[in-house]
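The primary structure of each chain is shown beneath.
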Amino acid sequence: MACNVSFNARTAQKAQMLLSRRIIIRKLDPRSVRVVAGVDASYIVNRGRELGVGVAVALDAKPPFRAKACSVYIGEVCVPYIPGLLAFRELAVMAPALSKIVNLIDLIIVDGHGISHPRRFGIASHIGVIYGKPSIGVAKKKLIGREKNIDDLTVVVNDAGEPVAAVLKKGGQRLYVSPGHLVDLPSAIAIVESLTRNKLPEPTLRADSISKAIRSILKGVAPLGASEVLAPCEFRIKASLEEASVILQRLRQLGLKASMG
DNA sequence: GCGACAG
DNA sequence: ATCTTGTCGC
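Below: a short report on this structure. (Residues numbered from 1 in each chain as written. Chains lettered and ligands numbered in written order. Predicted model: local features only at pLDDT ≥ 70, side-chain atom pairs only at ≥ 80, totals over all residues. Heavy atoms only, no water.)

**Focus on the layout of surface pockets**
Phase 1 of the analysis: For the largest pocket, the calculated volume is near 570 Å³.
Phase 2 of the analysis: Around the largest pocket, the lining is made up of 26 residues, and of these Y81, L86, D111, G112 and A139 lie nearest the centre.
Phase 3 of the analysis: Secondary structure elements with two or more residues in the lining of the largest pocket: strand 1 (35-46), helix 2 (86-98) and strand 4 (107-111).
Phase 4 of the analysis: Ranked by the residues each element gives to the lining of the largest pocket, the list is headed by helix 2, at five residues.
Phase 5 of the analysis: The residue makeup of the lining of the largest pocket, split by class, is 13 nonpolar, six polar and seven charged. (1 Å grid on protein atoms, 1.4 Å probe; cavity = no way out; pocket = protein on both sides within 12 Å on 5 of 7 lines; lining within 4 Å. Points joined across faces, edges and corners; volume = space filled by probe spheres on them. Helix = DSSP H or I, 4+ residues; strand = E, 2+ residues; numbered from the N terminus. Nonpolar A, V, L, I, M, F, W, Y, C, P; charged D, E, K, R; others polar.)

**Some details on the sheet that holds strand 5 (residues 135-139)**
Phase 1 of the analysis: Reading across the sheet, the 11 strands line up as 6-7-8-9-5-4-1-2-3-10-11 and stay open at both edges, with mixed pairing between neighbours. Edge strands, defined here as strands with exactly one partner in the open sheet, are strand 6 (146-150) and strand 11 (257-260). Pairwise comparison of adjacent strand axes, ignoring direction, gives a mean angle of 25° for this sheet.
Phase 2 of the analysis: Taken together, the four bridges between strand 7 (residues 153-157) and strand 8 (residues 163-170) define a ladder with antiparallel strand orientation. Among the inter-strand pairings, V156 is bridged to a residue of strand 8, identified as A165.
Phase 3 of the analysis: In this fold helix 7 (residues 241-253) packs onto strand 1, strand 2 (49-60), strand 3 (67-76), strand 10 (233-238) and strand 11, with an angle of close to 170° to the strand it touches most, strand 11. (Pairing = 2+ DSSP bridges. Axes fitted to C-alpha atoms, helices over the stretch in contact; angles between N-to-C directions. Contact = heavy atoms within 4.5 Å.)

**Some points on the pairing of strand 11**
Phase 1 of the analysis: Of the pairings in the sheet, the one linking strand 10 to strand 11 comprises four bridges and is parallel in character. Bridging across to strand 11, I237 finds its partner in M260.
Phase 2 of the analysis: Taken together, strand 10, helix 7 and strand 11 form a β-α-β motif whose crossover is right-handed. (Right-handed = clockwise from strand over helix to strand, strands pointing away.)

**Structural notes on the packing of aromatic side chains**
Any pair of aromatic rings gets described here by the distance separating the centres and the angle formed by the planes.
Phase 1 of the analysis: With the rule as written, the count across this model stands at one aromatic pair.
Phase 2 of the analysis: For the pair F7 and F88, a centre-to-centre distance of 5.9 Å together with 50° between the ring planes defines the contact as tilted. In this pair, F7 is assigned in the segment before helix 1 (9-19) and F88 in helix 2, connecting sequence segments 81 residues apart.
Phase 3 of the analysis: Residue class for F88 comes out partly exposed when judged on its relative accessible area of 22%.
Phase 4 of the analysis: Seen from the ring of Y43, R89 lies directly overhead, with NZ or CZ sitting 3.9 Å from the centre. (Phe/Tyr/Trp six-rings, centres within 6.5 Å; stacked < 30°, edge-to-face > 60°. Buried < 20%, exposed > 50% of the residue type's maximum accessible area, 1.4 Å probe, protein only. Lys NZ or Arg CZ within 6 Å of the ring centre and 35° of its normal.)

Written as C-alpha cells, this is what we have:
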C-alpha cells in the first residue's frame, strides 16, 4: 500500500488564495538577520514509489557561513509537481526538516518564488506564512510576469502592474528574487546579495550539497567527504520497516545520527 | 486552441 | 526535480 494521501489541485489553489492574505510585505533590516536557513528537496524512485529527501540547514548569515544545525527528513511523497503548486509537493518532506531548526533562524531562503506567483503565494511565501518567519524566494527560472528595466535594475511585473521580483545576474546565472513574507523587494535584494558569493545564495548551495550527498548514499554510493558535509545533520526516516532499516544502516555506517519516525 | 509553465 | 554523453571553459 503506497501513497494513501490524495491531492486536489483546485482545493490547493483555494488554500493559496486564502493564505496569501496573511502575507506581510515590509522593510527588513539586513542587520537583524544573524542566522539564516536554507532548504531543499530531492527525490528518488524506489520500486514505483517516490521517496523525498527534505533538508533544512541553519547557518551564520556572514562569511564563512558556518553551519550551526541541520535536519533531514526522508519519507514517501504522494503529490505530483504542478507549476504553481510546488509547495504542496516539497513541503511534505521539507516541513518536517525545517520544523526542527526553525527556532534558531531569523530568515529562510527558499528555492522557488515568493509573491511572483499566479496567486501571489509561491513556496517561499507559503513557508514564511506557515512559520511566521521572514522568507525570500530565489528561483532560477521565471514563473509569471514580464520583465522590465528600471535604470540598471531588472524587475518582474505581474498583471496588476506590481513589481514582484528582481532579476540578479550572478556568474551567468539569472536569479529571480522575490519577497516571501515579512520582507519587501529592496530588502530581499540586499539580503540575497549579502548571502551570494557564487551563482547561488550560500544557504541554497549548502542545502543543495547536503541533499546531493544523501541522494548518492541512498543510491548506494558514498561520495568522498560526505561525512563532513552531513556531520551537522540529524536524520529521521519515515518509511516501511524494512526500507527504513536499510537507510538507517547506511547512514549509521558513516557515523551519522539517524532515527526512525 | 496555443503558449507558458518555480522544483 | 531526474535522466544522461560528450563537451566547453577556467
